[in-house]
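The lines below spell out each chain.
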Amino acid sequence: VVDARHPIRLLYHHMNGTPARPRILSVLLRNRSSHPAEMLLISGLAGPSSDPLFVGHAATSRFLQNLAAGRGYVMEVPPNSDYSFAAQTMAPRQMVSGILQLQLLRGEELEVRVQIRLPWLLEGTVPLPVYQVAYPHPRGVFPYPTVTIHRQVELRGAVPLVELGAAAGLRDVRTGEALVGDYGVVYRLLLTVAGGPTDAQADLVAVAAGGVARGVFLVDGRPVEIAIYRPGEERVLGTLSVPAGQSVQVQVVTMPAAGSYYPVRLLLRPRE
């Protein structure tokens, strides 16, 4: 439910598991009140695709860049009515992924549903709720979808910064189940690096600490996309130059990409 107190973020990452029939996934907004509702939407949609890493990575990249740039649009839902959007068609065994951030600007509240239907049925007929029936996945409602981390470090060797996918510690507000992987959570790392007696450089490094993964990072607003890396492999996101006796600051914004196996560890490592 979207109400006037705070925005919500909806993440879905779904495969059409049927062997022979296509499906259409759509997001339904329902306004049950007698007053119109106005909502701001920021989105990142991807698919269909048979590659779960790619489709999650693409949706994450599009959402983070739209979020950073403030790109979205305003939707109005009339009173006592439904509005369906973000329809994505999936052939058998194809996947779609979507991240939607919704903020109510006017009105009381909106109910949000993710639904599946056959393509030849009329809109609004025989919708099916999306459930995880094959094997367990993170699913539910979690508070605080943005985590801000402040770190102040000195260049005296490799410094661990944050374990992406494990640091938020969120639990379903109804069941208490942990959100394993922190999928759908935006991380904002505000890093201050203090220099030593001489000029120095340090690499900002991402290490695959879980399984096969991809990643999207905004380093001081500059997008950095990471190709597939396997457990234990690392990628350099950027290099910081720290003058002697001074400090530099950098902001890193990222989100665990659906379809990838998190956690991913961020660390700062001085160059030799």
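Refer to the structure above for everything that follows.
Source: prediction; values computed, not measured.

What counts, and at which threshold
Just so you know, the residues in each chain are numbered from 1, in the order the chain's sequence is written. In keeping with the predicted nature of the model, local features appear solely for residues at pLDDT of at least 70, side-chain atom pairs appear and are counted solely at 80 or more, and the whole-chain, interface and lining totals rest on all residues. Hydrogens and water molecules were not included; the side-chain quantities draw on all heavy atoms of the structure. Where helices and strands are cited, they refer to DSSP runs of H or I of at least four residues and of E of at least two residues respectively, numbered from the N terminus. The reference for a compact globule is 2.2 Å times residues^0.38; the radius of gyration itself is calculated from the C-alpha atoms. Burial classes: relative accessible area under 20% of the type maximum marks a residue as buried, over 50% as exposed, and values in between as partly exposed (1.4 Å probe, protein chains only). Residue contacts are counted whenever heavy atoms from the two residues lie within 4.5 Å of one another. If DSSP finds at least two bridges between two strands, the strands pair. Every axis in this analysis is a line fitted to C-alpha atoms, fitted for helices over the stretch in contact. Angles between the N-to-C directions lie between 0 and 180 degrees. Each residue after the first adds 1.5 Å to the expected span of a helix. Under this definition, polar contacts are N or O atom pairs within 3.5 Å; protein pairs additionally need one hydrogen-donor-capable and one acceptor-capable atom, and for neighbouring residues in sequence, both atoms have to be side-chain atoms. For this document, the term salt bridge refers to a Lys or Arg side-chain nitrogen within 4 Å of an Asp or Glu carboxyl oxygen.

(A) Expanded view of the overall build of the protein. Broken down by element type, the protein carries one helix and 18 strands. Taken against the 2.2 N^0.38 rule, which gives 19 Å for 272 residues, the C-alpha radius of gyration of the protein at 21 Å falls within 12% of a compact globule. Its C-alpha atoms give the protein principal-axis dimensions of about 70 × 45 × 30 Å. Looking at the protein as a whole, 46% of its 272 residues qualify as buried. Relative to all contacts within the protein whose residues are 6 or more apart in sequence, the contacts with residues 24 or more apart total 81%.

(B) Fine view of the sheet that holds strand β14 (residues 213-219). The five strands are arranged β10-β12-β17-β14-β15 in an open sheet whose pairing can be described as mixed. Edge positions in the sheet fall to β10 (146-154) and β15 (222-229), since each has one partner strand and no second. Averaged over all adjacent pairs, the angle separating strand axes in this sheet is 20°, with direction ignored. Against the sheet, helix α1 (residues 52-69) contacts β12 (186-194), β14, β15 and β17 (247-254), and its axis sits at roughly 10° relative to β14.

(C) Spotlight on the environment of Pro231. Examined against the element boundaries, Pro231 turns out to sit in the loop between β15 and β16 (234-242). Here the alpha-carbon distance between Pro231 and Phe54, two residues 177 residues apart in the chain, equals 17 Å. Each residue touching Pro231, except ones within four places of it in the same chain, is listed here: Ala208, Gly210, Gly211 and Val212.

(D) Structural context of α1. Taking 1.5 Å per residue as the helical rise, α1 with its 18 residues ought to reach 26 Å, and the 26 Å between its terminal C-alpha atoms agrees with that figure. Burial in α1 covers these residues: Leu53, Val55, Gly56, His57, Ala58, Ala59, Thr60, Ser61, Phe63, Leu64, Asn66 and Leu67. The distance from a side-chain oxygen at the start of α1 to the backbone nitrogen of Leu53 is 3.0 Å, and the residue carrying that oxygen is Asp51. In the stretch just after α1, Gly70 is the one whose phi turns positive, near 70°.

(E) Expanded view of the pattern of salt bridges. Inspection of the entire model under this criterion finds 12 salt bridges. In this structure, Glu111 and Arg32 form a salt bridge, with 3.2 Å as the shortest nitrogen-oxygen distance. Remark: Arg32 occurs in the loop between β3 (23-31) and β4 (37-49) and Glu111 occurs in strand β8 (residues 109-117); sequence separation between them is 79 residues. On the accessibility criterion, Arg32 (55% relative accessible area) is exposed. The residue Asp172 makes a salt bridge to Arg174 at a minimum N-O spacing of 3.8 Å. Note on Asp172: relative accessible area 5%, which makes it buried. Salt bridges linked by common partners bring Arg32, Glu111 and Arg113 together as one network.

(F) Expanded view of the pairing of β14. Most of β14 is tucked away: seven of the seven residues are buried. Of the two faces of β14, the one carrying Ala213, Gly215, Phe217 and Val219 and the one carrying Arg214, Val216 and Leu218 are both buried. Pairing geometry for β14 and β15, over six bridges, is antiparallel. Residue pairing in the sheet places Val219 in a bridge with Arg222 of β15. Here β14 hands over to β15 after two residues, with Asp220 in that stretch at a positive phi of 50°. As judged from the three bridges shared by β14 and β17, these two strands associate in the antiparallel manner. Residue pairing in the sheet places Phe217 in a bridge with Thr254 of β17.

Everything listed is a geometric property; what it means functionally is a separate question.
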